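Observations on chain architecture
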Amino acid sequence: MMLTERDKMTAGKPYDQYDPELQARRKYIRQKLGQINFLTDNDERNNELAHLFGDCGKDLFIETGIQFDYGYNIHIGNRFYGNYHLTLLDTCPITIGDNCYLGPDVGLYTPVHPIDPKQREEDIELGKPITIGNNVWMGGHVTILPGVKIGDNDVIGAGTVVTKSFGPNVIIVGNPGHVIRKIKPDNDKAKPNKK
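The model shown is predicted, which means the values in this text are computed figures rather than measured ones.

**What to know about the UniProt feature "domain: Maltose/galactoside acetyltransferase" (unreviewed entry) in the chain**
Here the UniProt feature "domain: Maltose/galactoside acetyltransferase" (unreviewed entry) sits at residues 6-58. Across residues 6-58, the secondary structure splits into 62% helix and 8% strand, with the terminal C-alpha atoms separated by 27 Å.

**Here we look at the side chain of Lys 32**
The topology assignment puts Lys 32 in helix 2 (residues 20-36). In this structure Lys 32 touches Glu 48 and Leu 52, once residues within four positions along its chain are discounted.

**Focus: the environment of Leu 108**
Tracing the backbone through its elements, the reader meets Leu 108 in strand 10 (residues 107-109). Looking at Leu 108, the relative accessible area reads 0%, which means it is buried. Setting aside its immediate chain neighbours within four residues, Leu 108 contacts Thr 87, Leu 88, Leu 89, Ile 94, Ile 96, Leu 102, Ile 130, Ile 132 and Ile 144.

**Some details on a negative patch on the surface**
Where like charges cluster on the molecular surface, the negative patch consists of Asp 16, Asp 116, Glu 121, Glu 122 and Asp 123. Relative to the elements of secondary structure, Asp 16 occurs in strand 1 (residues 15-16).

**A look at the sheet that holds strand 18 (residues 161-162)**
The strand order across the open sheet formed by 5 strands is 4-7-10-15-18, and the pairing between neighbours is parallel. Only two strands of the sheet have a single partner each, and these edge strands are strand 4 (67-68) and strand 18. When strand 15 (residues 143-144) meets strand 18, the two strands line up parallel, connected through 2 bridges. Residue pairing for strand 18: Thr 143 is matched across the bridge by Val 161.

**Focus: the environment of Leu 22**
You can see Leu 22 is positioned in helix 2. Placed 126 residues apart in sequence, Leu 22 and Val 148 show a C-alpha to C-alpha distance of 24 Å. Sequence-distant contacts of Leu 22, that is, excluding residues within four places in its chain, are made with Glu 5, Arg 6, Met 9, Tyr 15, Asp 16, Gln 17, Tyr 70 and Tyr 72.

**Quick word on the environment of Thr 110**
Its location among the elements puts Thr 110 in the loop between strand 10 and strand 11 (111-112). Measuring from C-alpha to C-alpha, the distance between Thr 110 and Leu 88 comes to 8.2 Å, with 22 residues separating the pair along the chain. Excluding residues within four positions of it along the chain, Thr 110 makes contact with Leu 89, Asp 90, Thr 91, Cys 92, Pro 93, Ile 94, Leu 126, Gly 127, Lys 128, Pro 129, Ile 130 and Pro 146.

**Points about the pattern of salt bridges**
All told, the structure shown has 3 salt bridges when counted by the stated rule. Lys 8 is the salt-bridge partner of Glu 5, the closest N and O atoms lying 2.8 Å from each other. In this pair, Glu 5 and Lys 8 are both assigned in helix 1 (residues 5-10), 3 residues apart and thus about one turn of the helix distant. Between Glu 48 and Lys 32 there is a salt bridge whose closest N-O contact spans 3.5 Å.

Calculation criteria
- Residues numbered from 1 in each chain as written.
- Predicted model: local features only at pLDDT ≥ 70, side-chain atom pairs only at ≥ 80, totals over all residues.
- Heavy atoms only, no water.
- UniProt positions renumbered as here; feature names shortened; annotations may be inferred.
- Helix = DSSP H or I, 4+ residues; strand = E, 2+ residues; numbered from the N terminus.
- Contact = heavy atoms within 4.5 Å.
- Buried < 20%, exposed > 50% of the residue type's maximum accessible area, 1.4 Å probe, protein only.
- Patch = residues over 30% accessible without salt bridge, like charges linked within 9 Å, V, L, I, M, F, W, Y side chains within 5 Å.
- Areas by Shrake-Rupley, 256 points an atom, 1.4 Å probe, with all protein chains shown as cover.
- Salt bridge = Lys/Arg side-chain N within 4 Å of Asp/Glu carboxyl O.
- Lys, Arg positive; Asp, Glu negative; His and termini not counted.
- Charge placed at Lys NZ, Arg CZ, Asp CG, Glu CD.
- Pairing = 2+ DSSP bridges.

Dropping the structure here:
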């Protein structure tokens, strides 16, 4: 069976970005987002966005200004909040778990361009998927680079550039992002009051 350029792109293999099917989808998405981002009714805007994604769970809420390439490679869990100007470059799958909160101007970027300048001149493109676990909170202006996996319950500080994957229950800050501490459950809330 011969792979389409969409199949190759989604699998992270080199693909032709000028493929007519891919160009048509990008044009369609630009037109739709041009309309959706001006909708003032939150329910209407989020319902329209949900139909463009590969799949999404309940309670999707995304503020205006969202941008993405294809939509069908975006998979979002339940109770998701994306603040203003969210950018999801989805040449490869972007998978986001349940209960995730993303601050303003967050960018998740799956595309990869070759280091070799001759390959770049030939317009060779490929990508690496991004996976975000459950209960993740990202501050404003966080950048997630291709191939990164973020663990459950992680917190990523504002302005952080995440260049590698991290396990669960950590706070990540800086450029490049690094762990500043582990997150421990708040045991005080679980203890009954003693009188």
